[in-house]
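In case you want the letters, here they are:
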Amino acid sequence: MHRKSKVAFATAICAFALPGVAGAATKVVSAGPPLKKPPAGVPKDSDIDQFYPASIKVHAGDSVKFQIAGFHTINFPKKGAGSPPLAVPDPAHPVTGLTDASGAAFWFNGQGTPVIPSIVALGTGSGKAYTGAAAIGSGIPAGSGPPKPFVVKFPKAGSFTYYCAVHPGMKASVSVVAKGKAVPSAKADAARGANQLAQGLATIKKLDKLKPAATQTVTAGPDDKGGASLLRFTPSSLTTKVGTPVTLQMSPGTREDHTFTFAKDVKAAGKLAEKTFVAPLPGTGTAGPPVLAFDPKYAYPSDPPSSPLTYDGTNHGDGFLNSGVLDGDPRTPFPQKVTVTFPTAGTYTFFCAIHPFMTGKITATS
Ligand SMILES: [Cu+2]
């Protein structure tokens, strides 16, 4: 399975509201910007990890149709619980027999394979009723073509927070009120969504003009805390001195996940990563639904987390060095940055195994 949304805007669907139906109504929310393509002046390699509109009010008995515009999930947890985790190392499925190009075993053999919980990976199917009694989810977008919308019925009053399990911090709410109470019109919802989108696009334009945060540092992004993200490395080309540590970091508070993965041929390596990054766990899917997991080669750092990283283009036999998954959230087990030193003069290329179109290079001079 691969992630279609190289540029999330490109696959988005444009709709805020369906025509009103007498009796039970259906309101529309877009997971990701409700745009077919970025407007003029907005860089193509950008995304905004938000739901549009971010809060919505409906009558008990109404439904919400979630249009999925990007690589997002819709997860309503059991009332009181937060977002389900995107992945959990599964000790029942340890990584085994994974060797690098030199034939040496990777350090993370024996660690659990990062498995995506079923409620996130496969979800529960569209059209279900949600009261908070049990979790429901859309599942991860899969297959070809735009993802099918995820429709949820709300039979009972209450206030419900839901999450995208892929993008930490991407959440919104549905308020369900009794039939006699006032709720905003679909038109008013659309106006709020449009305003939210205009603000997000303005933030993207600001981020696009930012200079690199610090010397000797490459940032994935920059992104802001509200979900506006640039899917690129800044700077994309850095020159450093041999022996000077370079920090490879996430934007603080970003809702994205990235890796810094060094390879000799980033195009070929990126193609390979795109195929394997999320895939069914071997041996599952024949009797019953598959268990989706992240490829441990990319999810785990290539070297034990405590070891200082140096890179000379020959690491692991073929020039492989990987940060593992990084995010912008200090509460998760994922780090927010790594530091790499280059002992030999040369130009070294890297990519993001999650978004393989993101590439960069570092030149070390003596
Ligand atoms: Cu998301």
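Residues numbered from 1 in each chain as written. Predicted model: local features only at pLDDT ≥ 70, side-chain atom pairs only at ≥ 80, totals over all residues. Heavy atoms only, no water.

**As for the nonpolar core**
Nonpolar side chains tend toward joint burial in soluble globular proteins. Keep this limit in mind: Here, nonpolar core means buried Ala, Val, Leu, Ile, Met, Phe, Trp, Tyr and Cys residues that are tied together by side-chain atoms lying within 4.5 Å of each other. With a 1.4 Å probe rolled over the protein chains alone, any residue whose accessible area is under 20% of its type maximum counts as buried; one over 50% counts as exposed, and the rest are partly exposed. Throughout the structure description, domain borders are defined by an automatic or database domain assignment. Should any heavy atoms of two residues lie within 4.5 Å, those residues are considered in contact.
Counting 72 residues, the largest nonpolar core has Phe66, Phe76 and Val174 as its most contacted members. Per-domain counts for this core show at least three residues from each of domain 1 (8-85 + 116-204) and domain 2 (213-365). Beyond its immediate stretch of four places on either side in the chain, Phe66 contacts Val29, Ile74, Phe76, Pro149, Phe150, Val152, Tyr162 and Val174. Leu35, Tyr52, Leu201 and Ile204 belong to the second largest nonpolar core, which has 10 residues in total.

**Points about the domain arrangement of the chain**
Worth spelling out the cut-off: By definition, the buried area sums, over both parts, the 1.4 Å-probe accessible area that each loses when the two are put together. Any carboxyl oxygen of Asp or Glu within 4 Å of a side-chain nitrogen of Lys or Arg constitutes a salt bridge here.
Domain annotation for the chain reports domain 1 (8-85 + 116-204) and domain 2 (213-365). Here the C-alpha centroids of domain 1 and domain 2 sit 30 Å apart. The interface of domain 1 with domain 2 comprises 18 residues on the first partner and 19 residues on the second. Contact between domain 1 and domain 2 buries roughly 1500 Å² in total, counting both sides, with carbon and sulfur atoms accounting for 55%. The three residues of domain 1 that bury the most area against domain 2 are Asp45, Ile116 and Pro168, which together make up 38% of that side's buried surface. Here domain 1 and domain 2 share one salt bridge between them.

**Focus on unusual backbone geometry**
Threshold: Comment: elements are numbered from the N terminus, with helices defined as DSSP H or I runs of at least four residues and strands as E runs of at least two.
Here Tyr52 and Pro53 are connected by a cis peptide whose omega angle stands at -15°. Of note, Pro53 is situated in the loop between strand S3 (51-52) and strand S4 (55-59). Cis geometry marks the peptide bond from Gly221 to Pro222, where omega comes out at 10°. Its location among the elements puts Pro222 in the loop between strand S14 (217-220) and strand S15 (228-230). Positive phi, normally seen in glycine, also occurs at Gln216, with a value near 55°. Mapped onto the fold, Gln216 is located in the loop between helix H2 (186-209) and S14. Using a relative accessible area of 25% as the deciding quantity, one classes Gln216 as partly exposed. In this structure, His316 is a non-glycine residue whose phi angle is positive, near 55°. Relative to the helices and strands, His316 is located in the loop between strand S22 (309-310) and strand S23 (321-322). By relative accessible area, His316 is classed as buried at 16%.

**Comments concerning the sheet that holds strand S16 (residues 233-234)**
Note the following rule: Pairing between strands is defined by DSSP: at least two bridges between them are needed.
Judged by pairing direction, the sheet is mixed, and its five strands sit side by side in the order S16-S14-S18-S24-S22 without closing on themselves. The sheet terminates laterally at S16 and S22, the two strands that pair on one side only. When S14 meets strand S18 (residues 246-250), the two strands line up parallel, connected through four bridges. Bridge pairing in S18 places Thr217 opposite Thr247.

**Describing the coordination of the copper ion**
The condition that has to hold: Keep in mind that water is not among the atoms, so a site may look incomplete; donors are the N, O and S atoms within 2.8 Å of the metal, or 3.2 Å for Na, K and Ca.
Taken together, His72 (ND1), Cys164 (SG) and His167 (ND1) make up the full set of protein donors to the copper ion, lying 1.8 to 2.2 Å away. Taken in sequence order, the residues that donate to the copper ion follow the motif H-x91-C-x2-H.

**A short note on the packing of aromatic side chains**
Here is the rule we go by: Working definition: rings of Phe, Tyr and Trp (its six-membered ring) pair if their centres are within 6.5 Å, and the pair is stacked with planes under 30 degrees apart, edge-to-face with planes over 60 apart, and tilted otherwise. Charges are assigned to positions over rings by a cutoff of 6 Å between ring centre and Lys NZ or Arg CZ, combined with an angular limit of 35 degrees from the ring normal.
Tallied over the full model, the rule gives 26 aromatic pairs. Measuring from centroid to centroid gives 5.1 Å for Phe66 and Tyr162, while their planes differ by 70°, and the two rings are edge-to-face. In this pair, Phe66 sits in strand S5 (residues 63-68) while Tyr162 sits in strand S12 (residues 158-163), placing the two residues 96 residues apart along the sequence. Side by side, Phe66 and Tyr162 carry an identical accessibility label, which is buried. Where Trp107 meets Tyr300, the ring centres are 5.7 Å apart and the plane angle is 85°; that geometry is what we call edge-to-face. Taken together, the residues span a long stretch of sequence, with Trp107 in the loop between strand S7 (88-94) and strand S8 (112-115) and Tyr300 in the loop between helix H4 (296-299) and S22 at a distance of 193 residues. Tyr300 gets classed as buried once you look at its relative accessible area, which sits at 11%. Sitting over the face of the ring of Phe320, Lys297 holds its NZ or CZ atom 4.7 Å from the ring centroid.

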